[in-house]
Amino acid sequence: DVDRPAAARRGDAVRPLSIVAALQYYLPHRTGYTLHVQRVAEALVARGHRVTVLTARHRRDLARREVVAGVDVLRLDAPLRLSRGALMPGYPLAAWRLARDADVVWANSPMAELGLWAAIARRTGTRFVVTHHGDLHLPDGAMNRLIERMTFAGWRYAARRADALVAYSDDYATHSRWLAPWRDRIVVVAPPIAIPKPDPAAVAVLRRELAPEGGPLVVFAGRFAQEKRPDLLLDGIAPLRARHPHLRVVFAGEERLGYEDTRTELEPRVSAAKDAVRFLGLVDDAQTLANVYAACDVLALPSQTECFGLVQVEAMLCGTPVVASDIPGARVPVQATGAGRLFESGSVDGLVDAIGDVLAHRDAYRPDLARVARAFDLARTVDAYESVLGGER
């Protein structure tokens, strides 16, 4: 029961909290980072807490303030963009006003304003909790290296002053350059996973459309970004098709990114793949995404860096096994469920062999839905956030 407070289940009284959630972008911007905050925020509101999100107004058509599923969303104008980030002149004053009247500031890292939040929370005496969603890895370039260094410096300042630090997994907390020095202060909370059940009729139609010759289908769900390594999957198409002549790769996610253009850089490989590649673009409807997962035979996550990869568990809950890079964080879902294979990060041959193995032994890797649901239970995640935000460990 996600909506029922943890303390209520224990028989204790629960004090409603006033929570300020800080992150660079919120809905309708769609990444694993924003979905994480959205799901937890909405679940906390359903339990009787008050949540205000402070974020950038990244599109001019967005309201400066609105209530979305009970969450009060305050968007600040961002006239200047730097790489993935946005500069908001009104941010310090807005942050101060919100923190002054809140019980807890829940800041989400990486973000350029993290050090500011730490200083404000200290000054106002507001509890300060930080969830780290992954070390910052930007594309090549001197400006991006400077941004990384400055963001890391803000993180260190904030980590020293935080009342609690939240990480997705022990694995990532132990190996992350950002998290490892603070390991004894970290609370591990699994990310919130929510995906509807696939619609069998819609799945059958989608399968016929995407694989008219019968498949198999490999899905890549996420931003077409350098760090996600779509190039590995494109390079693996030819050897995979040597084994499965009708295999196709389906890319579901944002293709054109404002801070890099990996899609254009990889256009020669996309063209060479011809009809073996399908681009669906950003799939922002949860039911449609569930149907895409279920229509495919395996999800591939070839990232070179990944804190977790929510898409892995989403795919598993739709009955689709996973092939993921054997890197800290990203390997956790496969290790916890057995629903897939890991491969050596950066290896096209390893990726091809892992996908080939899953396709050849589908029953062995088919997700046990009950096991997956137990390993990544949304109510348990919200319980943990309710406790850490309220001052429990």
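Predicted model only: the values in this text are computed from it and were never measured. (Residues numbered from 1 in each chain as written. Predicted model: local features only at pLDDT ≥ 70, side-chain atom pairs only at ≥ 80, totals over all residues. Heavy atoms only, no water.)

(A) Highlighting the overall build of the protein chain. For the protein chain, the helix and strand inventory stands at 17 helices and 16 strands. Counting the 393 residues in the protein chain, one finds 57% classified as buried. In the protein chain, 68% of the contacts between residues at least 6 apart in sequence involve partners at least 24 apart. Of the roughly 16,300 Å² of accessible surface on the protein chain, 51% is carried by carbon and sulfur atoms. For the protein chain, the centre of its 51 positive side-chain charges and the centre of its 47 negative side-chain charges are spaced 4 Å apart. (Helix = DSSP H or I, 4+ residues; strand = E, 2+ residues; numbered from the N terminus. Buried < 20%, exposed > 50% of the residue type's maximum accessible area, 1.4 Å probe, protein only. Contact = heavy atoms within 4.5 Å. Areas by Shrake-Rupley, 256 points an atom, 1.4 Å probe, with all protein chains shown as cover. Lys, Arg positive; Asp, Glu negative; His and termini not counted. Charge placed at Lys NZ, Arg CZ, Asp CG, Glu CD.)

(B) Structural view of the packing of helix H7 (residues 200-210) against helix H11 (residues 286-295). Here H7 crosses H11 at 60°, and the two axes come no closer than 9 Å. Between H7 and H11, the angle falls in the class oblique. Pair H7 / H11 crosses with right-handed handedness. Facing Ala202, Val203, Leu206 and Arg207 of H7, the residues of H11 in contact are Asn291, Val292, Ala294 and Ala295. Residue composition of the contact of H7 with H11, by class: 6 nonpolar, 1 polar and 1 charged. (Axes fitted to C-alpha atoms, helices over the stretch in contact; angles between N-to-C directions. Parallel < 35°, antiparallel > 145°, perpendicular 65-115°, else oblique. Left-handed = near helix turned anticlockwise from the far one by under 90°. Nonpolar A, V, L, I, M, F, W, Y, C, P; charged D, E, K, R; others polar.)

(C) Highlighting the packing of aromatic side chains. With the rule as written, the count across this model stands at 10 aromatic pairs. Both rings, one in Phe220 and one in Phe251, keep their centres 5.2 Å apart while their planes meet at 50°; by these two values the pair is tilted. Of this pair, Phe220 sits in strand E11 (residues 217-221) while Phe251 is found in strand E12 (residues 248-252), placing the two residues 31 residues apart along the sequence. Note on Phe251: relative accessible area 3%, which makes it buried. Taken together, Phe220, Phe224, Phe251 and Phe279 form an aromatic cluster joined through their ring pairs. A cation sits over an aromatic face here: Arg177 above Phe152, 3.9 Å from the ring centre. One residue, Arg263, lies across the ring of Phe279, its end atom 4.2 Å from the ring centre. (Phe/Tyr/Trp six-rings, centres within 6.5 Å; stacked < 30°, edge-to-face > 60°. Lys NZ or Arg CZ within 6 Å of the ring centre and 35° of its normal.)

(D) Layout of the pattern of salt bridges. In this structure the tally under the stated criterion is 30 salt bridges. The residue Arg75 makes a salt bridge to Glu66 at a minimum N-O spacing of 2.8 Å. Of the residues examined, Glu66 reaches a relative accessible area of 30% and is grouped as partly exposed. Two residues, Arg331 and Asp171, come together in a salt bridge whose shortest N-O distance is 2.9 Å. Taken together, the residues span a long stretch of sequence, with Arg331 in the loop between strand E15 (322-325) and helix H13 (332-337) and Asp171 in helix H6 (residues 170-175) at a distance of 160 residues. Its relative accessible area of 15% is what places Arg331 among the buried residues. Looking at Asp171, the relative accessible area reads 15%, which means it is buried. Linked through salt bridges whose partners overlap, the residues forming this network are Glu213, Arg241, Arg248 and Asp275. (Salt bridge = Lys/Arg side-chain N within 4 Å of Asp/Glu carboxyl O.)

(E) Quick look at the side chain of Ser303. Following the sequence through the fold, Ser303 ends up in the loop between strand E14 (298-301) and helix H12 (310-317). The exposure class of Ser303 is buried, given its relative accessible area of 1%. Among the polar contacts listed, one links the side chain of Ser303 to the side chain of Glu306, at a separation of 2.7 Å. Among residues more than four places away in sequence, those in contact with Ser303 are Glu227, Lys228, Arg229, Ser325, Ile327 and Ser345. (Polar contact = N/O pair within 3.5 Å; in protein donor to acceptor, adjacent residues only side chain to side chain.)

(F) The sheet that holds strand E10 (residues 186-188), seen in detail. Strand order in this open sheet of 8 strands is E3-E4-E2-E1-E7-E8-E9-E10, and the pairing throughout is mixed. Of all the strands in the sheet, the pair left with one neighbour each is strand E3 (65-68) and E10. Along the sheet, successive strands turn relative to each other by an average axial angle of 25°, direction set aside. Where strand E2 (residues 50-57) and strand E4 (residues 71-77) come together, 6 bridges link them in parallel fashion. Within E4, the residue paired with Thr52 across the bridge is Asp72. Across the sheet, helix H3 (residues 91-100) is in contact with strand E1 (18-22), E2, E4 and strand E7 (104-109); its angle to E2 comes to roughly 180°. The strands touched by helix H4 (residues 114-124) are E1, E2, E7 and strand E8 (127-132); relative to E8, the strand with the most contacts, the crossing angle is about 160°. (Pairing = 2+ DSSP bridges.)

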